[in-house]
Amino acid sequence: MKVEHIGIAVNNLAASIRLYEKLLGSPCYKTESVVSEQVNTAFFRQGETKIELLESADPGGVIARFLEKRGEGIHHIAFEVGDIEAEMSRLSAEGFALLSSSPRPGADNKWVCFLHPRDTGGILVELCMERKES
Ligand code: ZN
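Please read these numbers as outputs of a predicted model, since none were measured by experiment.

Points about the overall build of the chain
So, step 1. The secondary structure content of the chain amounts to three helices and eight strands.
So, step 2. Over its C-alpha trace the chain gives a radius of gyration of 15 Å, about what one expects of a compact globule, namely 14 Å for 134 residues.
So, step 3. Overall, the C-alpha framework of the chain stretches about 40 × 35 × 25 Å when taken along its three principal axes.
So, step 4. Buried positions account for 43% of the 134 residues belonging to the chain.
So, step 5. A sequence separation of at least 24 residues applies to 53% of the contacts in the chain between residues at least 6 apart.
So, step 6. In the structure as shown, the chain presents an accessible area of about 7500 Å², 52% of it carried by carbon and sulfur atoms.
So, step 7. Across the chain, the mean location of the 15 positive side-chain charges is 3 Å away from that of the 20 negative side-chain charges.

What follows is the structure in structure tokens.
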């Protein structure tokens, strides 16, 4: 599993896009709102890995609650997997709590599933797999 992206929670997406464009020296290549997750996202490519900025689209959403508790910073690490359902069963059998019982549509054309940070040393881990049109 490679690190597909690192998710970073930000207060203001437009301001953070300008910051990361300066920091990385490359433009944001995509912005996308994920209505089901109540987030607005922006993506940067950094070699093999991406940076995903996450702004809350809802004051009661998960990103809003994260920002309230912990402020801006790293929100999750996403690993790319070849077969997300197989990986979910394997990790569940290993005793990791999954935050959804089936893969959910995420940003950037992915199926995603999160693991509870209680079981992963305090880091929110995302599994992601490219969504293919069938
Ligand atoms: Zn992510």
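Concerning the pairing of strand β5 (residues 73-80)
So, step 1. Across six bridges, the pairing between strand β1 (residues 3-9) and β5 is antiparallel. Bridge pairing in β5 places A9 opposite G73.
So, step 2. Examined bridge by bridge, β5 and strand β8 (residues 125-130) share four bridges and lie parallel to one another. Residue pairing for β8: A78 is matched across the bridge by E126.

Considerations on the pattern of salt bridges
So, step 1. As enumerated under the stated definition, the model contains nine salt bridges in all.
So, step 2. In this structure, E4 engages K50 in a salt bridge whose closest nitrogen and oxygen atoms are separated by 2.8 Å. Within this pair, whereas E4 is found in strand β1, its partner K50 is found in strand β4 (residues 49-56), the two being separated by 46 residues in sequence. With respect to class, E4 is no different from K50; both count as buried.
So, step 3. As a salt-bridge pair, D108 and K50 come within 3.0 Å of each other at their nearest N and O atoms. Placement of D108 in the loop between β6 (104-106) and β7 (110-115) and of K50 in strand β4 is noted, with a sequence separation of 58 residues between them.
So, step 4. Given a relative accessible area of 7%, D108 falls into the buried group.
So, step 5. Members of the salt-bridge network, linked through shared partners, are E4, K30, K50, D108, K110 and E130.

A short note on the sheet that holds β8
So, step 1. One open sheet accounts for eight strands, arranged β2-β3-β4-β1-β5-β8-β7-β6; its pairing is mixed. Each edge of the open sheet is held by one strand with a lone partner, namely β2 (30-34) and β6. Taken pair by pair, the neighbouring strands of this sheet meet at an average axis angle of 35 degrees, ignoring direction.
So, step 2. Relative to β4, strand β3 (residues 39-46) is paired through eight bridges, and the arrangement is antiparallel. If you follow R45 over to β4, its bridge partner there is K50.

Criteria and thresholds
- Residues numbered from 1 in each chain as written.
- Predicted model: local features only at pLDDT ≥ 70, side-chain atom pairs only at ≥ 80, totals over all residues.
- Heavy atoms only, no water.
- Helix = DSSP H or I, 4+ residues; strand = E, 2+ residues; numbered from the N terminus.
- Rg over C-alpha atoms; globule rule 2.2 N^0.38 Å.
- Buried < 20%, exposed > 50% of the residue type's maximum accessible area, 1.4 Å probe, protein only.
- Contact = heavy atoms within 4.5 Å.
- Areas by Shrake-Rupley, 256 points an atom, 1.4 Å probe, with all protein chains shown as cover.
- Lys, Arg positive; Asp, Glu negative; His and termini not counted.
- Charge placed at Lys NZ, Arg CZ, Asp CG, Glu CD.
- Pairing = 2+ DSSP bridges.
- Salt bridge = Lys/Arg side-chain N within 4 Å of Asp/Glu carboxyl O.
- Axes fitted to C-alpha atoms, helices over the stretch in contact; angles between N-to-C directions.

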